[in-house]
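Structure at a glance
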Amino acid sequence: MYSKRFDWNAARHPLGEMMAERMSRGEAILDLTDANPTRAGLEYAADAIRSVLSCPETMIYTPAPRGLAVAREAVSAYYRELGETVSPDDLLLTAGTSEAYGLLFKLLADSGDEILIPRPGYPLLSHLAGFEGLACHSYPLRHADETGWSVDLEVLSAMVTRRSRAVVVVNPNNPTGNYIKAHELAAIDRLCQAHGMALIVDEVFADFPAAAFPPPAATVVNRTSALTFVLNGFSKLLGLPQMKLGWMVVGGDSGEVAEALAHLETLTDFYLTVGTPVQLGAPQMLAGRRDIQRQIKARITGNENWLEQRVAGMSNVHRLNREGGWYTVLAIDDAIGDDERALTMMTADGTLIHPGVFYDFYREGFVVLSLLPPADRFTDGVSRLIRRFGQRLP
């Protein structure tokens, strides 16, 4: 009696089973994957946030399929600070970027059509596409120690079929942390135009570049000609995932933009998911983003610098360059499989790490860690990982 859009009977990964067992026994887990900013010991302007969410106007319901004008104007002002002109009329608000993906997949594709996504990448995308009856095919990101990650444009081009409807770019990518380069964006833009595909660019981590790797641009908004949807939201930008406010900026040919927005407005009118309080509070919350971003950047930088020093003395462990985002990737050269490593860390050290296989890495030997945990938790957990699997230089 259930749909076939999801494998309802899929077995849980052994790591999840092991975590559940430990938690049922009341045993602590040191989580090196936790990227929830509200549990990271950051200092939010809590009183100010609560104040803007409780103004009298929140008791008045004004259905607005594209989002309230006051919130769209605040998002437009955010892009203006980045040096880009974005009309509030070219914006549409959503209850987070996951919902934005779902809306776009409904808009752009029919059952059985294809979406092209990056590999390695965040596993949520394939599930969201599957919920709409779509197939996800992964184009490769290649890594070289000298140059970092890059899009294999030749393979991406060869993957396009008559059923390909959109290319997804995550900028910076999660978990690899690489920004899309100008020549890569230009090539993908041309590819989308040539095949009548849309370009979806997820920029939720774009405000968190690494100091050593300045991004090619603050945003890809206004840098493409194909029909383009640029996604962002409060979850990472303000460290407020519980507020559930995201948006998409629609760009490209003016006629296509107008048609896409009209169709999206029809879709969102069926749901009207974005809450009134967060929309009314958007101007003040966006204006105050720098304080929480400063704390997040300091935490990421501090943990990353400590990690770099810690692995410097290891012969078989090194950190892949991170251009942006909240995650770091460790490459560990040994004969141990990724799943085995993660299970060992949980059973022997009570520490949760993510194996590279969770993100569809192209081979064994990768560990994905969040850089957001408090420094004492991060250093404790990483020290356990290095003690167990690291090999010192002679």
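What you see is a predicted model, and the numbers here were worked out from it, not measured in a lab. (Residues numbered from 1 in each chain as written. Predicted model: local features only at pLDDT ≥ 70, side-chain atom pairs only at ≥ 80, totals over all residues. Heavy atoms only, no water.)

What follows deals with the overall build of the protein chain. Looking only at helices and strands, the protein chain has 13 helices and 14 strands in total. The C-alpha radius of gyration of the protein chain comes to 21 Å, within 12% of the 21 Å expected for a compact globule of 394 residues. With 394 residues in all, the protein chain has 51% of them scored as buried. Once local pairs closer than 6 in sequence are excluded, the contacts in the protein chain between residues at least 24 apart make up 75%. With 36 positive and 47 negative side-chain charges, the protein chain shows a spacing of 4 Å between the two charge centroids. (Helix = DSSP H or I, 4+ residues; strand = E, 2+ residues; numbered from the N terminus. Rg over C-alpha atoms; globule rule 2.2 N^0.38 Å. Buried < 20%, exposed > 50% of the residue type's maximum accessible area, 1.4 Å probe, protein only. Contact = heavy atoms within 4.5 Å. Lys, Arg positive; Asp, Glu negative; His and termini not counted. Charge placed at Lys NZ, Arg CZ, Asp CG, Glu CD.)

Right, let's get into unusual backbone geometry. Going from Arg 119 to Pro 120, the amide bond is cis rather than trans, its omega being 0 degrees. Tracing the chain through its elements places Pro 120 in the loop between β3 (114–119) and α5 (124–131). A cis amide bond links Asn 174 to the next residue, Pro 175, at an omega of 15 degrees. As for its placement among the helices and strands, Pro 175 is situated in the loop between β6 (164–170) and α7 (182–195). The backbone of Asn 222 shows a phi angle near 70 degrees, a positive value even though the residue is not glycine. By secondary structure assignment, the location of Asn 222 is in the loop between β7 (198–202) and β8 (228–233). Judged by its relative accessible area of 52%, Asn 222 is exposed. At Asp 360, a residue that is not glycine, the phi angle is positive and equals roughly 65 degrees.

Here we take up helix α3 (residues 69–81). For α3, which comprises 13 residues, the first-to-last C-alpha distance of 18 Å matches the rise-based estimate of 18 Å (1.5 Å per residue) to within 8%. Here α3 has its buried residues at Ala 71, Arg 72, Ala 74, Val 75, Ser 76, Tyr 78 and Tyr 79. For α3, the secondary structure elements touched by its buried residues are β2 (91–94), β8, α8 (234–237), β9 (246–251), α10 (276–287) and α11 (289–311). Gly 83 sits one or two positions beyond α3 and adopts a positive phi of about 90 degrees. (Expected span 1.5 Å × (residues − 1).)

Here the protein chain is partitioned into domain 1 (14–43 + 290–389) and domain 2 (57–288). One C-alpha centre belongs to domain 1, the other to domain 2, and the line joining them spans 27 Å. Listed per partner, the contact involves 25 residues of domain 1 and 33 residues of domain 2. When domain 1 packs against domain 2, the two sides together hide about 2600 Å² of surface, and 55% of this comes from carbon and sulfur. (Domains from an automatic or database assignment. Buried area = accessible area lost by both parts, 1.4 Å probe.)

Let us look at the pattern of salt bridges. The tally for this structure, following the rule as stated, stands at 23 salt bridges. Here Arg 72 makes a salt bridge to Asp 89, at a shortest N to O gap of 4.0 Å. Placement of Arg 72 in helix α3 and of Asp 89 in the loop between α3 and β2 is noted, with a sequence separation of 17 residues between them. With a relative accessible area of 11%, Arg 72 lands in the buried category. With its nearest N and O atoms 2.4 Å apart, the salt bridge here joins Glu 81 to Arg 290. Residue Glu 81 is located in helix α3, and its partner Arg 290 is located in helix α11; the two are separated by 209 residues in the primary sequence. With a relative accessible area of 46%, Glu 81 lands in the partly exposed category. A residue is classified by how much of its surface remains accessible, and Arg 290, at 49% relative accessible area, is partly exposed. Overlapping salt bridges, with partners in common, bring together Glu 304, Glu 308, Arg 319 and Arg 322 in one network. (Salt bridge = Lys/Arg side-chain N within 4 Å of Asp/Glu carboxyl O.)

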